[in-house]
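Listed here are the chains, written in short residue letters.
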Amino acid sequence: MKKFETSFLLGAATAAHQVEGNNTNSDCWAMEQMEYSSFVEPSLDAVDHYNRYEEDIQMLADAGLNAYRFSIEWARIEPKKDHFDEAEVEHYRKVIACCREHNIEPIVTLHHFTSPKWLICDGGWDDEMVVERFAIYAKYIAEKLGEELCYICTINEANMRLQIRAISERFMKMMQAKAAKNTGLQQDSVKEEKLEGQVQVGINLSDPMERMKLSAMENVKVFGTSQPHTFVSSASDQGDVLVCKAHQAAKAAIKSVRPEIKVGITLSVHDIQWIDGGEERAKAEWEEEFSHYIPYIQEDDFFGLQNYTRSVYGSEGIQAAPKEALLTQMDYEVYPEALEHVIRKVNSELPGMPIMITENGIATSDDVQRIEFIKAVMDGVKNCINDGIPVIGYCHWSLMDNFEWQKGYQMTFGLCAVDRTTQERHPKGSLEFLGSYNKE
């Protein structure tokens, strides 16, 4: 097995809310506690990474990895508007120092889906104020922690809100058609779609319409509006632009303090393919998922690429996975070749831009399958590097089995299992296998 160059960042990734536990000032925590929550279970202590980060970083280093992508939780840093918690800053300072002690490159993400609850009550990610507020937070982190950081991802999967919008629109049309059929107003059969497998985040579309109405009423009590604009809610076109402006403002704020820090953003990208009749739909989907962001990111220091599977379009839209295809626990098609394809596609539209794979992985209980997935993915990454594409790193999702948002703890993406009754870690063979690409 040919190893990567020593400068290549090979590691694993986590997100604060999914692993730390007790993120009580965030919007996500508030939504989990609601009586009519769309979350199948609350995060609670998660996998207690907040207290066990030293053990987890040691585990990562022992496996031979040299990079750790993790997020700083805005809701911990600024639990109330304009109130910054120095104790939480010190916590993340210790996490960064622990990485350095183990020769691990810390790759920090400033926003990974969760926001302070106060931000959402003030209008959230569809309000102009979010641009300034995010920049203030980003500058604060750069001032307090920037000395030890080389890489910052501003926003995780900045295009997720558009993906959620597309899924929500398809879901509502499907529900309306079913309701019309049940009342005799529609005679045609209703096409059922596995919508949850079409978006690269754990969402739950199993709630009946009546429960969703009750949830909207509860949102008014919690956030002051029936439709809070969280980062994992549907975005208007204006909301999408605000995310881009927030990224640019945060980058400028970071650079004003620490110009040497390399700043980028991450996007969720599918390997978008087509069959006869689907080419125009596929091109439009790629434009929405990636290309229209280029004006906002082309001056960045690197691009964070996040990919899990492919999407295939036909004349009637997105196609179901082939009958013979293996599916992950998330209902994604197992298709490791997707990563190489999207690296090449991104490079063709952002030539010369350093590409860091900030997430790629597979939700499965079969670790042998995970190892085979990693092997295929690594072959693709090496093919791209051999062809001169500037791929600078790969962070597997995820370091540990954790809280997969609305789907709870049932999705197992991790290179390490966790017994949540004891919080004991059980590294899987895939962790050592991934690290073997760095070991002599």
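Please refer to the structure higher up on the page.
Residues numbered from 1 in each chain as written. Predicted model: local features only at pLDDT ≥ 70, side-chain atom pairs only at ≥ 80, totals over all residues. Heavy atoms only, no water.

Caption draft 1: Main features of unusual backbone geometry. Geometrically, the link from Trp397 to Ser398 is a cis peptide bond, its omega value of 0° lying close to zero. Within the fold, Ser398 resides in the loop between β11 (391-397) and β12 (416-419). One non-glycine residue, Asn22, lies in the positive phi region at around 55°. Classification of Asn22 as partly exposed rests on a relative accessible area of 37%. Positioned with a positive phi, Asp82 is a non-glycine residue whose angle comes to about 70°. (Helix = DSSP H or I, 4+ residues; strand = E, 2+ residues; numbered from the N terminus. Buried < 20%, exposed > 50% of the residue type's maximum accessible area, 1.4 Å probe, protein only.)

Caption draft 2: Local environment of the pattern of salt bridges. Scanning all chains against the criterion turns up 24 salt bridges. In this structure, the salt-bridge partner of Lys144 is Glu86, at a minimum N-O distance of 3.2 Å. Placement of the pair is Lys144 in helix α7 (residues 129-145) and Glu86 in helix α5 (residues 86-101), with a sequence separation of 58 residues. Overall, the relative accessible area of 29% leaves Lys144 in the partly exposed class. You can call Glu86 partly exposed: its relative accessible area is 41%. (Salt bridge = Lys/Arg side-chain N within 4 Å of Asp/Glu carboxyl O.)

Caption draft 3: A look at the packing of aromatic side chains. In this structure the tally under the stated criterion is 20 aromatic pairs. Between Trp286 and Phe290, the ring centres sit 5.1 Å apart and the planes meet at 35°, which makes this aromatic pair tilted. Three or more aromatic residues link up through ring pairs in this structure, and these residues are Trp74, Phe113, Trp118, Trp125, Phe134, Tyr137, Phe231 and Trp405. Lying across the ring of Tyr335, Arg310 places its NZ or CZ 4.2 Å from the centre. For Lys382, the ring lying beneath its charged end belongs to Phe4, and the centroid distance is 5.3 Å. (Phe/Tyr/Trp six-rings, centres within 6.5 Å; stacked < 30°, edge-to-face > 60°. Lys NZ or Arg CZ within 6 Å of the ring centre and 35° of its normal.)

Caption draft 4: The sheet that holds strand β7 (residues 302-306), seen in detail. If you trace the eight strands once around the closed barrel, you get β1-β2-β3-β4-β5-β7-β10-β11, paired in parallel fashion. When the angles between neighbouring strand axes are averaged without regard to direction, this sheet yields 25°. Note: β7 against strand β10 (residues 355-359), four bridges, orientation parallel. For Gly304, the partnering residue across the bridge sits in β10 and is Met356. Contacting β3 (105-111), β4 (151-155) and β5 (262-268), helix α10 (residues 237-257) runs over the sheet at an angle of about 150° to β4. (Pairing = 2+ DSSP bridges. Axes fitted to C-alpha atoms, helices over the stretch in contact; angles between N-to-C directions. Contact = heavy atoms within 4.5 Å.)

Caption draft 5: Highlighting the pairing of β7. Here β7 lies mainly inside the structure; five of its five residues are buried. Along β7, one buried face is formed by Phe302, Gly304 and Gln306 and the opposite face, lined by Phe303 and Leu305, is buried too. In terms of strand pairing, β5 meets β7 through five bridges, oriented parallel. Its bridge partner being in β7, Gly264 is matched across the sheet by Phe302.

Caption draft 6: Local environment of the sheet that holds strand β9 (residues 317-318). If you walk across this open sheet you meet the three strands as β6-β8-β9, and the pairing is mixed. Of all the strands in the sheet, just β6 (271-274) and β9 have a single pairing partner and so form its edges. Pairing of β6 with strand β8 (residues 310-314), which is carried by four bridges, proceeds in the parallel orientation. Across the sheet, residue Gln273 finds its bridge partner in β8, namely Val312. Of the strands in this sheet, β6, β8 and β9 touch helix α11 (residues 279-289), which is tilted by about 165° from β6.

Caption draft 7: Molecular detail of the side chain of Asp240. As for its position among the elements, Asp240 is in helix α10. Notably, Asp240 is buried but unbridged: the nearest opposite-charge side chain belongs to Arg165, and the N-O separation is 7.1 Å. At a separation of 2.6 Å, a polar atom in the side chain of Asp240 contacts the side chain of Tyr293. Not counting residues up to four positions away in its chain, the partners in contact with Asp240 are Ala158, Leu162, Ala235, His292 and Tyr293. (Lys, Arg positive; Asp, Glu negative; His and termini not counted. Polar contact = N/O pair within 3.5 Å; in protein donor to acceptor, adjacent residues only side chain to side chain.)

Caption draft 8: Region of interest: α5. Relative to the 22 Å expected for 16 residues at 1.5 Å per residue, α5 spans 22 Å between its end C-alpha atoms, a close match to the ideal helical length. Restricting attention to buried positions, one finds in α5 the residues Glu88, Val89, His91, Tyr92, Val95, Ile96, Cys98 and Cys99. With a side-chain oxygen lying 3.0 Å from the backbone nitrogen of Ala87, the N-terminal cap of α5 falls on Asp85. (Expected span 1.5 Å × (residues − 1).)

Caption draft 9: Inspection of helix α13 (residues 337-349) at higher detail. Taking 1.5 Å of rise per residue, the 13 residues of α13 would be expected to cover 18 Å, and the 19 Å separating its terminal C-alpha atoms lies within 8% of that figure. Inspection of α13 places Ala338, Leu339, Glu340, Val342, Ile343, Val346 and Asn347 among the buried residues, and these make up the whole buried set.

Caption draft 10: Up close: the pairing of β11. Across the seven residues that make up β11, a large majority, six, are buried. One ladder, built from five bridges, connects strand β1 (residues 9-13) with β11; its direction is parallel. Following the sheet pairing, Ala12 is matched in β11 by His396. Across three bridges, the pairing between β10 and β11 is parallel.

Caption draft 11: Structural context of the environment of Asp56. Structurally, the position occupied by Asp56 is in helix α3 (residues 49-62). Looking at Asp56, the relative accessible area reads 0%, which means it is buried. Sequence separation between Asp56 and Ser436 is 380 residues, and the spatial gap between their C-alpha atoms is 18 Å. When sequence neighbours within four positions are dropped, the list of residues in contact with Asp56 reads His49, Leu399, Met400 and Arg425.

Spatial relationships are all this shows, so hold off on functional conclusions.
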